[in-house]
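Okay, here's what each chain looks like letter by letter:
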Amino acid sequence: MIDHILVDLIGAIRGSFDDALLQRQAVEERFQVDVFLGDVSFETSFSLPGEEQPPRVRADLSIDWPTWSQTAYRSWSIGEPPDELPEVVVEVALRIQRLAEPLAATAVLAALPRESPALGAEALLRSATTLEEVHGGDGEAIRWAIEATYEGSLRFEERHLEDPTTIRPMTDVLSRWVASTLVQLADLPLAFLPPDRLAQP
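What counts and how
Residues numbered from 1 in each chain as written. Predicted model: local features only at pLDDT ≥ 70, side-chain atom pairs only at ≥ 80, totals over all residues. Heavy atoms only, no water. Axes fitted to C-alpha atoms, helices over the stretch in contact; angles between N-to-C directions. Helix = DSSP H or I, 4+ residues; strand = E, 2+ residues; numbered from the N terminus. Parallel < 35°, antiparallel > 145°, perpendicular 65-115°, else oblique. Left-handed = near helix turned anticlockwise from the far one by under 90°. Contact = heavy atoms within 4.5 Å. Nonpolar A, V, L, I, M, F, W, Y, C, P; charged D, E, K, R; others polar. Patch = residues over 30% accessible without salt bridge, like charges linked within 9 Å, V, L, I, M, F, W, Y side chains within 5 Å. Areas by Shrake-Rupley, 256 points an atom, 1.4 Å probe, with all protein chains shown as cover. Salt bridge = Lys/Arg side-chain N within 4 Å of Asp/Glu carboxyl O. Buried < 20%, exposed > 50% of the residue type's maximum accessible area, 1.4 Å probe, protein only. Pairing = 2+ DSSP bridges. Core = buried A, V, L, I, M, F, W, Y, C linked by side-chain atoms within 4.5 Å. 1 Å grid on protein atoms, 1.4 Å probe; cavity = no way out; pocket = protein on both sides within 12 Å on 5 of 7 lines; lining within 4 Å. Points joined across faces, edges and corners; volume = space filled by probe spheres on them. Phe/Tyr/Trp six-rings, centres within 6.5 Å; stacked < 30°, edge-to-face > 60°. Lys NZ or Arg CZ within 6 Å of the ring centre and 35° of its normal.

Some points on the packing of helix α1 (residues 4–19) against helix α5 (residues 168–186)
Stage number 1. The contact between α1 and α5 brings their axes to 8 Å, and the two run at 40°. Here α5 runs oblique to α1, going by the angle between their axes. In this structure, α1 crosses over α5, and the sense of that crossing is right-handed. Within the contact between the two elements, α1 uses Leu9, Ala12, Ile13, Gly15, Ser16, Phe17 and Asp19 and α5 uses Arg168, Thr171, Asp172, Leu174, Ser175 and Val178.
Stage number 2. Of the residues contributing to the contact of α1 with α5, the split by class is six nonpolar, four polar and three charged.

See below:
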């Protein structure tokens, strides 16, 4: 059985990102269980509304629910106070893709903060930044991409476990920050390939 606090969190994320007018990339949504370790993960992606496919800028969101958090939540749910309250590991990858020419990472990093606003007790910290140069098949244009990753934890408090609706303010902060950052990235003076240039006969 899936611990319901995770389902509540996923529902809050979906609601917050919908309210932020971001467009969910449904084909990118995944719910996975590690059959060996027991960890549960949820992945989804969002873009700005009205973007062509694939979008110029995209946010990939990953939520990991580790086994120790599942155990802590079960202990709490049967009235046994756990040593630590459960938490989820959050990763947000902000991606600019479909670029028509290479660019210096510093041009993008200057528009990105070192950390997100606080999600409860902690913020997400910027970690790795990846540059990509993609060579497709015959007739496909070379394209570039850059991706900056933010990582951190969302720690549940007692009130969140007792009333999951109190999770929503944290996911609202996350969705507003992601939406604002995607707008800033989309406004950078960069050259993009039109979608029909990505695969030509």
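And the narrative resumes.
So, the side chain of glutamine 97
Stage number 1. Mapped onto the elements of the fold, glutamine 97 is located in strand β5 (residues 87–99).
Stage number 2. Other than its neighbours up to four places away in sequence, glutamine 97 contacts Pro54, Pro55, Arg56, Arg58, Trp144, Ala145 and Phe192.

Some points on a nonpolar patch on the surface
Stage number 1. A cluster of nonpolar side chains, Val35, Phe36 and Leu37, forms an exposed patch at the surface whose accessible area comes to about 430 Å².
Stage number 2. Relative to the helices and strands, leucine 37 is located in the loop between β2 (30–33) and β3 (40–47).

Comments concerning the pairing of strand β4 (residues 57–65)
Stage number 1. For β4, the tally of buried residues reaches eight of nine residues, placing the bulk of the element in the interior.
Stage number 2. Relative to β4, β3 runs antiparallel, the two sharing eight bridges. What sits directly across from phenylalanine 42, in β4, is isoleucine 63.
Stage number 3. When β4 meets β5, the two strands line up antiparallel, connected through eight bridges. Each residue of the ladder has a partner; that of valine 57, found in β5, is isoleucine 96.

Looking at the nonpolar core
Stage number 1. Within the largest apolar cluster, 49 residues are counted, with the highest numbers of intra-cluster contacts made by Ile63, Val92, Leu94, Ile96, Phe156, Leu174 and Val178.
Stage number 2. At the level of elements, α1, β3, β4, α2 (67–77), β5, β7 (143–155) and α5 are the ones that each hand at least two residues to this core.
Stage number 3. The dominant element in this core, judged by the number of residues it contributes, is α5, at eight residues.
Stage number 4. Apart from residues lying up to four places away in sequence, leucine 174 is in contact with Phe17, Leu61, Val92, Leu119 and Leu124.

A short note on empty space enclosed by the protein
Stage number 1. For the structure shown, the criterion picks out one cavity of 30 Å³ or more.
Stage number 2. The volume enclosed by the largest cavity comes to roughly 40 Å³.
Stage number 3. Looking at the lining of the largest cavity, the elements with two or more residues in it are α1 and α5.
Stage number 4. Here the lining of the largest cavity is built from residues that sort into seven nonpolar, one polar and no charged.

Topic: the pairing of β7
Stage number 1. In terms of burial, β7 is a largely internal element, ten of the 13 residues being buried.
Stage number 2. Alignment of β5 against β7, held across eleven bridges, turns out to be antiparallel. Pairing of isoleucine 96 across the sheet is with isoleucine 146, part of β7.
Stage number 3. Pairing between strand β6 (residues 125–134) and β7: eight bridges, direction antiparallel. Across the sheet, leucine 131 pairs through a bridge with isoleucine 146, a residue of β7.

Description of the packing of aromatic side chains
Stage number 1. Summed over the entire model, instances satisfying the criterion amount to five aromatic pairs.
Stage number 2. Geometrically, the ring pair formed by phenylalanine 17 and phenylalanine 46 is stacked, given 4.3 Å between the ring centres and 25° between the ring planes. Of this pair, phenylalanine 17 sits in helix α1 while phenylalanine 46 is found in strand β3, placing the two residues 29 residues apart along the sequence.
Stage number 3. Relative to tryptophan 76, the ring of tyrosine 73 lies with its centre 5.9 Å away and its plane at 25°, an arrangement referred to as stacked. In this pair, tyrosine 73 and tryptophan 76 are both assigned in helix α2, three residues apart and thus about one turn of the helix distant. Each member of the pair tyrosine 73 and tryptophan 76 is classed as buried.
Stage number 4. Through a chain of ring-to-ring contacts, the aromatic side chains of Trp65, Tyr73, Trp76 and Phe156 assemble into a single cluster.
Stage number 5. Its guanidinium or amino end placed over the ring of phenylalanine 192, arginine 56 lies 5.4 Å from that ring's centre, counting from NZ or CZ.

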